[in-house]
Amino acid sequence: MATTRNPVTKMAARDVNVFYGDKQAIRNVSIDMGMDEVTAFIGPSGCGKSTFLRTLNRMNDTVASARVDGTITLDGQDIYASDMDVVQLRARVGMVFQKPNPFPKSIYENVAYGPRIHGLANSKADMDVIVEQSLRRAGLWEEVKDRLQDSGTALSGGQQQRLCIGRAIAVQPEVILMDEPCSALDPIATAKIEELIHALRGRYAIVIVTHNMQQAARVSQRTAFFHLGTLVEYGVTSDIFTNPREERTKDYITGRYG
Amino acid sequence: MTAATLNAAGNAMPQDRTPTDWTSPAMRQRIARRYAAERRFKLMGLAAVTLSAGFLAFLLFTMMSNGLSGFIRTEVALPVDFPRSPLMVDPAMIKSGNGAQALANANLPAVTTAAARAAFGPEGETLLSESAWTALRDAIIADPSILERKATIAVPAASEIDLAAKRTGSAEAEAIVAKLNAKDALSSSFNMPFLTASDGTDPTQVGIWGAFKGSLLTMVVTLLLSFPIAVLSAIYLEEYAPRNRWTDLIEVSINNLAAVPSIIFGLLGLAVFLNAWMLPRSAAIVGGLTLALMTMPVIVIAGRNAVKAVPPSIRDAALGIGASPIQVVFHHVLPLAMPGILTGTIIGMARALGETAPLLMIGMRAFIATPPGGVTDPATVLPVQIFLWSDEVSRGFVEKTSAAIIVLLVFLLAMNGIAIYLRNRFEKRW
C-alpha cells in the first residue's frame, strides 16, 4: 500500500502504531508526505486521522496515556528520537486546530508571540515586519491592519482561523498541520481558507485533515483514506476520487458510509 | 414483512391519541399553577435577599451607633495658671526645640492635679483622664508663651465623665456633667489618640494603632508565604503532577485541611513554630506563619479550579507554535487563571484577618502597650484586641470595642477593594 512515492519527501512515517492505554488507535501506518504538496487525510469519524496528524508534531505527548510506536521522520531525522527537542519540533511543524483558538490578546500579540519566544526578531521594527508579512500571507492584513491592538477573539470565526494560520506562519515552520480547519466555519470563510491553502502550497508542506471530501479534492494533491485506524489507500488525489483501488475507499467516497 | 408490521404499528399510534385541547379547563389550571409557582419562587427569593440585607443593615447600624462615639472624646476646659503652678521647666529649653524631653520631667501631672483641684474642688483631678497632662505638654510645645500667663486648656475627661457626657454613664457622673455643662466647661473633639495609641488600662487612653499595625504585619507575612506557595502548588498539581494515588491523596488532604477548625492550626503553630523552631512568642511572624498554613489550602483549591477552567484550546495553541510547558503556564494559563486565584486569595485573606482563635494559642493575646516595630516584636491583632476589650470590666471599653470593630471592617473593605481592583485589572488586560 501507499507505494506512490513523492519526488521530495518532507515527512515520512513507517509502521506507526498509536495506543491510548490498551486501546490501539492507529495500526501500522506508513506514509510519505511531500515537500511542495498538500496532503489530505480523509475518513469517517473516529478513523484515527486526527490522532495520526497529532503524532506528526508530538502533540500526543500531552496525553498521558498515549504511546507511539514506529518511526516518523522530518527531513530524515527521527522526531521521536531522544535527542529531538519537542519545542523546536513544534516550531518547525506548526499546527492549526479545528476550532479557531487565538490567544485572548491583541491581534499583533497573537502573531508576535511565537517569534518572540523563539527569539526570531531582534527589534520592534523586525517584529513589525514579521507580523505584517505573516498576516499578509494569511490573507488577513488588509482586514486588520488598522486595528492590530484589538483583541484577537473579537474577530469573526473565519478571521480568527486565518489569524491562527498567520500565527503558525510567523515562526517560519517547514510543515503546517491543519486539523479540520474549516469544520467550524461558514462556506464563505471556508472558501477563503481554501484559497489560502492554495497560496501557501509550495512554501510549506501542508497536511490537512478534513471531513469534507470535496474539500480534499479541491485543495490536495495527494489523499490518504483512513478507516478504523489503518491507512486503506494513499495516492494522487484525482486517482483516489475517480479510480479508487480499494472497495472501502470507493464505498466511502460515494457516500455509502461515513 | 417485518417492515410492514412496523409501519402498521407506526400508523396506528396517532389514531390512538386525541388531538390536544390547549384551551381545556385542566390545561388552563395547569398554566395558572405554573404562574403561581413562579411567583411564589420569586417572592421567596426576594424575601431571602431582603432578610440577609436586613441582618447586614442591622449589624452595621448597631456597630456604627455603638462605635462611632468611641472616635469622639469629651474634653474638660481646665484653667491653668502657669506662673503660679509647681512647674519645673526652663522656658529657654522649650524654645530650643527639645520641648518634649524637657517637659517629660517637668512635673506636669502635679501641675494638672493642682489646676483641677483649684477649678473643680478637692477631688477635681478625678474628673480628668490620667493622660490629661499630655494635653498640657502639647499646648506648651505648640505655644511656649502660655507659660507666662493664665490659660484654659481642653484636657481629656475621665472615663466616667466621658460616658456620662455621651448619656451612658452613672447617675452621679451625670450630675457632675450637668454641673460642668452649666459652667460651659465640657466640649468634645475627634479622639485622635484612638488611632495613634496602643492598648492600655484606662479606656480614655487606649488606641488601636498597635493592633492595626500588628494585623498589617501579620497579613503581609501571611500573603507573602501563602500566595506564592499556594499558586505554585495549584499549578503543579493541575499542569504537571501525574494522576495517581499519591496526587489523589494530596488532593484529599488539601480539601480536608481547608475544613480544619482554625484553633488546630494555632496548636500546630504553638508546637512547631514556638516550641520546635524557637521563634519569638506573640510575634507577627509566628501569627503570619500560622495563618498562612490556614489560608494556603483555600488558595490552592480556588487556584486549581481557576487553572482547570482555562480552556485546553489555549494550551494547544501555545504548544502548537512551540511554547515550552513553562511558557504555556506563565504566558497563558496563569494570566487567564489570575482573576479566579485572586478571588480565592480574597476569601482566604479575609478569613485570616478575622481569625482570633489560632492567634490566642501562640500568645498574641498578651497585653502589649507599644506598637510592634517589626515582625519579630510582640504584637496583637485587631480581632484579638476586640476580644480582649470586650472582656474588660470598665464600661468605657464598650464603645472602644465597637470602634475597634469599625476599624477592622474598614481594614477588611480596604483589603478586598485592593484585591478586586487587581482582579479587574487582570481581566481588562485581555
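The shown structure was predicted, so the numbers you read here are calculated from the model rather than taken from an experiment.

## Focus on the nonpolar core
The biggest cluster of nonpolar side chains holds 141 residues, and the ones touching the most others in it are Leu177(A), Ile206(A), Ile208(A), Ile299(B), Ala337(B) and Ala404(B). With 15 residues, the single largest contributor to this core is helix α12 (residues 284-308) of chain B. Apart from residues no more than four positions distant in its own chain, Ala337(B) is found in contact with Gly303(B), Ala306(B), Val307(B) and Val310(B). One finds Phe120(B), Ala132(B), Ile161(B) and Leu186(B) within the second-largest nonpolar core, a separate group that totals 33 residues.

## Let's talk about the pairing of strand β1 (residues 9-20) of chain A
Residues and elements named next belong to chain A. With eight bridges connecting them, β1 and strand β2 (residues 23-34) associate as antiparallel partners. Considered in β2, the bridge of phenylalanine 19 is made with glutamine 24. Hairpin connection between β1 and β2: a loop of two residues separates the two successive antiparallel strands, and glycine 21 in this loop has a positive phi of roughly 60 degrees. Examined bridge by bridge, β1 and strand β4 (residues 66-74) share eight bridges and lie antiparallel to one another. Following the sheet pairing, phenylalanine 19 is matched in β4 by arginine 67.

## Focus on the environment of Leu155(A)
Residue and element names in this part refer to chain A. Mapped onto the elements of the fold, leucine 155 is located in the loop between α5 (141-144) and α6 (157-170). A count of 21 C-beta atoms within 10 Å places leucine 155 in the buried class. A sequence separation of 12 residues divides leucine 155 from glutamate 143, and the C-alpha atoms of the two residues are 10.0 Å apart. If near-sequence neighbours (up to four positions away) are discounted, leucine 155 is found in contact with Gln160 and Leu163.

## Observations regarding the packing of helix α10 (residues 245-257) of chain B against α12(B)
All names here are of chain B. For the pair α10 and α12, interaxial distance at closest approach is 8 Å and the crossing angle is 125 degrees. Here α12 runs oblique to α10, going by the angle between their axes. α12 is crossed by α10, and the crossing has left-handed handedness. Mapping the contact onto sequence places Ile254, Asn255 and Leu257 in α10 and Pro297, Val300 and Ile301 in α12. Here the residues of the contact of α10 with α12 are counted per class, giving five nonpolar, one polar and no charged.

## Some points on unusual backbone geometry
Backbone geometry places Asp75(A), a non-glycine residue, at a positive phi of 50 degrees. Counting through the fold element by element, Asp75(A) comes out in the loop between β4 and β5 (77-78). Assessed through the 13 C-beta atoms surrounding it within 10 Å, Asp75(A) is described here as partly exposed. One non-glycine residue with positive phi stands out, namely Asp184(B), at about 60 degrees. Summarising the element assignment, Asp184(B) is placed in the loop between α7 (171-182) and β3 (186-190).

## Quick look at the interface of chain B and chain A
Residue-level contacts link 16 residues of chain B with 21 residues of chain A. Put simply, the parts of the chain that give the side of chain B that touches chain A at least two residues each are α13 (312-320) and α14 (325-353) of chain B. A total of six residues in the side of chain B that touches chain A trace back to one element, the largest contributor, which is α13(B). For the side of chain B that touches chain A, the class distribution of residues is eight nonpolar, six polar and two charged.

## With respect to α12(B)
All names here are of chain B. The first and last C-alpha atoms of α12 sit 34 Å apart over 25 residues, in line with the 36 Å expected at 1.5 Å per residue. The largest bend in α12 is about 30 degrees, located at threonine 295, with the proline proline 297 one to four residues further on. Across the 25 residues that make up α12, a large majority, 22, are buried.

## Here we look at the sheet that holds strand β7 (residues 175-179) of chain A
Residues and elements named next belong to chain A. In space, the six strands of this open sheet follow the order β6-β7-β8-β3-β9-β10, with mixed pairing throughout. The open sheet terminates on both sides in strands that have one partner only, identified here as β6 (93-96) and β10 (230-236). Here the average twist between neighbouring strands, direction ignored, is 15 degrees. Two elements, strand β3 (residues 38-42) and strand β8 (residues 205-209), share four bridges in a ladder whose sense is parallel. Its bridge partner lying in β8, valine 38 is registered against isoleucine 206.

## Concerning the confidence of the model for chain A
Per-residue pLDDT for chain A has a mean of 90; in total, 97% of the residues score no lower than 70. Contacts for the low-pLDDT stretch residues 1-6 of chain A, under 50 throughout, to residues beyond four places or in other chains number 14 contacts.

## So, the sheet that holds strand β1 (residues 72-81) of chain B
All names here are of chain B. Spatially, the three strands line up as an open sheet ordered β2-β1-β3, and their pairing is antiparallel. Two strands in the sheet have a free side with no partner beyond their single neighbour: β2 (150-156) and β3. The mean inter-strand angle of the sheet, taken between neighbouring strand axes irrespective of direction, is 40 degrees. As paired elements, β1 and β2 share seven bridges and run antiparallel to each other. In the strand pairing of β2, leucine 78 is matched with isoleucine 153.

What counts as what
Residues numbered from 1 in each chain as written. Chains lettered and ligands numbered in written order. Predicted model: local features only at pLDDT ≥ 70, side-chain atom pairs only at ≥ 80, totals over all residues. Core = buried A, V, L, I, M, F, W, Y, C linked by C-beta atoms within 7 Å. Buried ≥ 20, exposed ≤ 12 C-beta atoms within 10 Å, placed from the backbone. Helix = DSSP H or I, 4+ residues; strand = E, 2+ residues; numbered from the N terminus. Contact = placed C-beta atoms within 7 Å. Pairing = 2+ DSSP bridges. Axes fitted to C-alpha atoms, helices over the stretch in contact; angles between N-to-C directions. Parallel < 35°, antiparallel > 145°, perpendicular 65-115°, else oblique. Left-handed = near helix turned anticlockwise from the far one by under 90°. Nonpolar A, V, L, I, M, F, W, Y, C, P; charged D, E, K, R; others polar. Expected span 1.5 Å × (residues − 1). Bend = angle between axes of the 7 residues up to and from the residue. pLDDT = per-residue confidence, 0-100.

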